[in-house]
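Architecture at a glance
Each chain is listed here by its residues.
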Amino acid sequence: LQQVASLSDELEFYFQQQPAIFYHWVFPVNLAESVANVGLIATTQQWRSGKRAHQARPEAALEEFCRTPWLQTRAPQLAWQGSIQAAPVASGMRGKLALYGPRFLCVGEAAALVDTQSAEGISEALCSGRIASEVGSVALRQDRFDLKQLAPYGEGIRTRYLYQYD
């Protein structure tokens, strides 16, 4: 979206009563030009069923969100840049997930550390980043980046999240 009034560097989340829509967001992209990324988290099932004409489409839910009075007040000259797009969110540490390997550590979404219900992943990204920095700092000091050296990262992630995703 373009020209969103009172846009700050804060991320905005909005919870509304729409079936299968978890939340909407407004993320600042360019403060100088008042450009924001506006989107929603919906179930995969809703995206798939939305292709049938008689079903509610997530695109329609996003358009409805953009017509809410508070957003209309902030963005009266609402202008879309690009098309509405969807992307699947890997979540839940399922299957044989590569959390680390020789010379790499996966954090946040790259490690599928995303809540399976809400698709929220910011807290998981921050936590996994902290664990990665601790393990990575030791590896850098010892100049060792093999599987054995980086294994504490995988152990730390599994200890922290396995109960949540199991």
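Scope of this entry: the structure provided in the associated data block. (Residues numbered from 1 in each chain as written. Predicted model: local features only at pLDDT ≥ 70, side-chain atom pairs only at ≥ 80, totals over all residues. Heavy atoms only, no water.)

1. Here we look at the overall build of the protein chain
Looking only at helices and strands, the protein chain features five helices and five strands. Moving toward the C terminus, one meets the helices and strands of the protein chain in the order β-β-β-α-α-α-β-β-α-α. A buried classification covers 36% of the 166 residues belonging to the protein chain. Taking contacts inside the protein chain between residues at least 6 apart in sequence as the whole, the part at least 24 apart equals 51%. For the protein chain, the accessible surface area stands at approximately 10,400 Å², while carbon and sulfur atoms represent 53% of it. (Helix = DSSP H or I, 4+ residues; strand = E, 2+ residues; numbered from the N terminus. Buried < 20%, exposed > 50% of the residue type's maximum accessible area, 1.4 Å probe, protein only. Contact = heavy atoms within 4.5 Å. Areas by Shrake-Rupley, 256 points an atom, 1.4 Å probe, with all protein chains shown as cover.)

2. Section: the side chain of glutamate 12
Positionally, glutamate 12 belongs in strand E1 (residues 12-14). Only 2.8 Å separates the side chain of glutamate 12 from the side chain of arginine 74, close enough to count as a polar contact. (Polar contact = N/O pair within 3.5 Å; in protein donor to acceptor, adjacent residues only side chain to side chain.)

3. Quick look at the environment of asparagine 37
Within the secondary structure, asparagine 37 sits in strand E3 (residues 35-42). Residue classification places asparagine 37 among the partly exposed positions, given a relative accessible area of 37%. The contacts of asparagine 37, once residues within four sequence positions are left out, are Trp25, Val26, Phe27 and Val29. At 2.6 Å, the side chain of asparagine 37 forms a polar contact with the side chain of tryptophan 25.

Keep in mind these values describe shape, not function.
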